[in-house]
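Secondary and tertiary structure notes
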Amino acid sequence: MMKNFSVVIAGGGSTFTPGIVMMLLDNQERFPLRKLKLYDNDEARQAILGEALAILLKEQAPQIEFSFTTDPEEAFSDVDFCMAHIRVGKYDMREKDEKVPLRHGVFGQETCGPGGIAYGMRSITGMLEIIDYMEKYSPDCWMLNYSNPAAIVAEACRVLRPKSKVLNICDMPVGTLRRMSQIIGKQPEELEVRYFGLNHFGWWTSVKDKEGTEYIQTIRDYVAEHGYLTQIEVDTQHTDPSWQDTHKKAKDLLALTPEYLPNTYLKYYLYPDYVYDHMKEHPEYTRSNEVMEGREKRVFDHAKKITAQGSAEGIAFEIDAHATFIVDLARAIAFNTHERMVMIVENNGAIANFPDDAMVEVPCIVGSDGPEALAQGKIPAFQQALMFQQVTVEKLVVEAYVEKSYQKMWQALSLSKTIPSAKVAKELLDDLVSENGDYWPGLS
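A brief look at the structure comes next. (Residues numbered from 1 in each chain as written. Predicted model: local features only at pLDDT ≥ 70, side-chain atom pairs only at ≥ 80, totals over all residues. Heavy atoms only, no water.)

**A closer look at the overall build of the chain**
Put simply, the rule is: Helix and strand definitions follow DSSP, with helices as H or I runs of at least four residues and strands as E runs of at least two, each counted in order from the N terminus. As defined in this context, the radius of gyration uses C-alpha atoms, and a globule is described by 2.2 Å times the residue total to the power 0.38. Three labels apply to residues, based on accessible area from a 1.4 Å probe with only protein chains included: buried if under 20% of the type maximum, exposed if over 50%, partly exposed otherwise in between. What makes two residues a contact is simply this: any of their non-hydrogen atoms within 4.5 Å. In this tally, Lys and Arg are treated as positive and Asp and Glu as negative; His is ignored, and so are the chain termini. For the purpose of locating charges, the reference atoms are NZ of Lys, CZ of Arg, CG of Asp and CD of Glu.
What the chain contains, in helices and strands, is 16 helices and 12 strands. Against the 2.2 N^0.38 benchmark of 22 Å for 444 residues, the chain shows a C-alpha radius of gyration of 21 Å, consistent with a compact globule. Dimensions along the principal axes, computed over C-alpha positions, put the chain at roughly 55 × 55 × 40 Å. A buried classification covers 59% of the 444 residues belonging to the chain. Sequence separation of at least 24 residues holds for 71% of the intrachain contacts in the chain that already meet a minimum separation of 6. The distance from the centre of the 46 positive side-chain charges to the centre of the 65 negative ones in the chain is 2 Å.

**What about the side chain of aspartate 40?**
Heads up, the rule is: We count a salt bridge whenever a side-chain nitrogen from Lys or Arg sits within 4 Å of a carboxyl oxygen from Asp or Glu.
Along the polypeptide, aspartate 40 turns up in the loop between β2 (33-39) and α2 (43-60). For aspartate 40, which is buried and forms no salt bridge, the nearest opposite charge comes from arginine 45, at a distance of 5.7 Å. Once you skip the residues sitting within four places of it in the chain, aspartate 40 turns out to touch Gly11, Gly12, Gly13, Ser14, Gln46, Thr69 and Thr70.

**Quick word on the environment of lysine 210**
Secondary-structure assignment places lysine 210 in the loop between β8 (201-209) and α8 (216-226). Note: C-alpha distance between lysine 210 and valine 398 (188 residues apart in sequence) is 40 Å. Apart from the residues lying within four places of it in its own chain, the contact partners of lysine 210 are Glu189, Glu190, Leu191 and Glu192.

**So, the pairing of strand β5 (residues 142-145)**
Residues in a regular strand point their side chains to alternate faces of the sheet. Condition: The pairing criterion is simple: DSSP has to find at least two bridges between the two strands. Handedness rule for crossovers: strands pointing away from the viewer, path from the first strand over the helix to the second running clockwise, crossover right-handed.
Neither face of β5 is open: one carries Trp142 and Leu144, the other Met143 and Asn145, and all of them are buried. For strand β4 (residues 81-84) and β5, the ladder comprises four bridges, and the chain directions are parallel. Considered in β5, the bridge of cysteine 82 is made with methionine 143. Pairing between β5 and strand β6 (residues 166-168): three bridges, direction parallel. Residue pairing in the sheet places asparagine 145 in a bridge with asparagine 168 of β6. Of the crossover connections in this fold, the one passing from β5 over helix α6 (residues 150-160) to the parallel β6 is right-handed.

**Notes on the nonpolar core**
Our working rule: Definition of nonpolar core: a set of buried residues of the types Ala, Val, Leu, Ile, Met, Phe, Trp, Tyr and Cys, connected through side-chain atoms within 4.5 Å.
Within the largest apolar cluster, 80 residues are counted, with the highest numbers of intra-cluster contacts made by Leu24, Phe31, Leu36 and Ile326. With seven residues, helix α13 (residues 324-335) is the single largest residue contributor to this core. One finds Leu128, Ile152, Tyr401 and Leu429 within the second-largest nonpolar core, a separate group that totals 27 residues.

**Considerations on helix α7 (residues 172-184)**
Our working rule: Residue count minus one, scaled by 1.5 Å, sets the expected span of a helix.
For α7, with 13 residues, the first-to-last C-alpha span of 19 Å sits near the 18 Å given by 1.5 Å per residue. With 10 of 13 residues buried, α7 lies mostly within the body of the structure. Taken residue by residue, α7 has Met172, Pro173, Gly175, Thr176, Leu177, Arg179, Met180, Ser181, Ile183 and Ile184 as its buried positions. Backbone geometry just downstream of α7 places glycine 185 in the positive-phi region, at approximately 75°.

**Quick look at the sheet that holds strand β9 (residues 261-262)**
Rules: Only the stretch in contact is used when a helix axis is fitted, and all axes are lines through C-alpha atoms; the angle between N-to-C directions ranges over 0 to 180 degrees.
Read from one edge of the open sheet, three strands run β7-β8-β9, paired in antiparallel fashion. Since the sheet does not close on itself, it has two edges, and those belong to β7 (191-198) and β9, each with one partner. Two strands pair when backbone bridges link them, and β7 and β8 are joined in this way by eight bridges, in the antiparallel orientation. The partner of glycine 197 across the bridge, within β8, is glycine 202. The sheet contacts of α8 involve β8 and β9, and relative to β8 the element is tilted by about 130°.

**Focus: the pattern of salt bridges**
Oppositely charged side chains can form a pair if their charged atoms are brought close together. Per the counting criterion, the structure on display carries 32 salt bridges. Taking the shortest distance from any N to any O, the salt bridge between glutamate 296 and arginine 45 comes out at 2.9 Å. In this pair, glutamate 296 is assigned in helix α12 (residues 287-309) and arginine 45 in helix α2, connecting sequence segments 251 residues apart. Arginine 45 shares its class with glutamate 296; the two are buried. With a closest N to O distance of 3.6 Å, glutamate 192 and arginine 340 form a salt bridge. One end of the pair, glutamate 192, is in strand β7; the other, arginine 340, is in strand β10 (residues 339-346), and 148 residues separate them in sequence.

**Comments concerning the packing of helix α15 (residues 406-415) against helix α16 (residues 422-436)**
Definition in use: Comment on the angle field: the value is read as roughly parallel under 35 degrees, roughly antiparallel over 145, roughly perpendicular from 65 to 115, and oblique elsewhere. By convention, the crossing between two helices is left-handed when the near helix turns anticlockwise from the far helix through less than a right angle, and right-handed when the turn is clockwise. Classification used: nonpolar for Ala, Val, Leu, Ile, Met, Phe, Trp, Tyr, Cys and Pro, charged for Asp, Glu, Lys and Arg, polar for all others including Gly.
Orientation of α15 relative to α16, taken along the N-to-C sense of each, is 125°, at an axis distance of 8 Å. Considering their axes alone, α15 and α16 lie oblique with respect to each other. Considering the relative orientation of α15 and α16, their crossing is right-handed. Contacts between α15 and α16 pair Tyr406, Met409, Trp410, Leu413 and Ser414 from the former with Ala422, Ala425, Lys426, Leu429 and Asp430 from the latter. In terms of residue class, the contact of α15 with α16 is made up of seven nonpolar, one polar and two charged.

**Details of the packing of helix α1 (residues 17-26) against α13**
Packed helix pairs are specified by the crossing angle of their axes together with the interaxial distance, meaning the distance between the axes. For the pair α1 and α13, the least separation of the axes is 9 Å and the interaxial angle reads 55°. The angle between the axes of α1 and α13 places the two elements in the oblique class. When you trace α1 past α13, the crossing you get is right-handed. In contact with Ile20, Met23 and Leu24 of α1, α13 contributes Thr324, Ile326 and Val327. Among the residues forming the contact of α1 with α13, the class breakdown is five nonpolar, one polar and no charged.

Here's what the structure looks like:
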């Protein structure tokens, strides 16, 4: 008989939580649950989702013991997997991540540039806290971490919790692969990729089916004309105008490095002036506002309706279909399936001409001992130089956190390809220190 698992979702008040729960319910034959818990330090916010999900699970999966709590011991005791997607500071701070840089002539974004650096500094403390709870109450538990900004979080885990059972993943390669599969008329699970880079900073070098047919040229030809825009959107949030623009911009990224297919987030590093010019047209309305008025409102309205009528009948949470990779990862650990997945891991030679201690994003084979990175060989000088600059920014941010160093944060911002000068970096840093308050360690 297949084992039934106990899972805690850290970040139970997230707008993504219902989609993750629906995805888990949709995969009960592959990954059956005996317990499902939500954990968040915002009791009121989590309760809105928790009460609705309790009704939904009672109707759809009464065999699963469900609970939601703000008590770490209750949440993390007797769990096999922790699925973590926390947002320290919630959308109020994300809005600042996006709008504070605009004051200084720089774009703001939640994972890239100064906004991502600010968010990273906030996230480290929260991630370490959750890891410590997990190890205290369920020492055999694995954490599947998809909290942003994943690059900085992964580097912090490498430095500060090097022996912890933390797997760092991102859904962006999966989401883009789904777009590629639509372009060539295949299913995502039929395809295998070769990919190298950092999180939100990489390139596909091969997209083949199981028979070995290579499709990268066909996809390149499409992207050169349309970007990654497809006829059918992979999920609701990607119909938002900001995401439509991002997928369209991929054709300009491809023009710069036509031999490889680019990650869409490279637009923030290679065309920061373009991003800023678009954002400054509506500085009061950024992606955070788009999310709060869209997914945030939609998810919480659904939850309140379910609770009010005492039933989930006729009210459907959206299933995060692309997030089935989270189940694939959990199954790989639980059942030693040797799943092939793109993950964020310590390099250790996977990219031959890149530092061993860099946290890179590459295809891995995942079994019960965790991920084993597949060798990608040497990478071209252009990508190598871009990656080395960016990974050094991420390392400096973590060093600044550990050492409480204002100097290293200034260096991190000055080195970022998204910021034009050390002068602007210093002015921005002072503003970020003020806006982030106690979310950051005191820098001196």
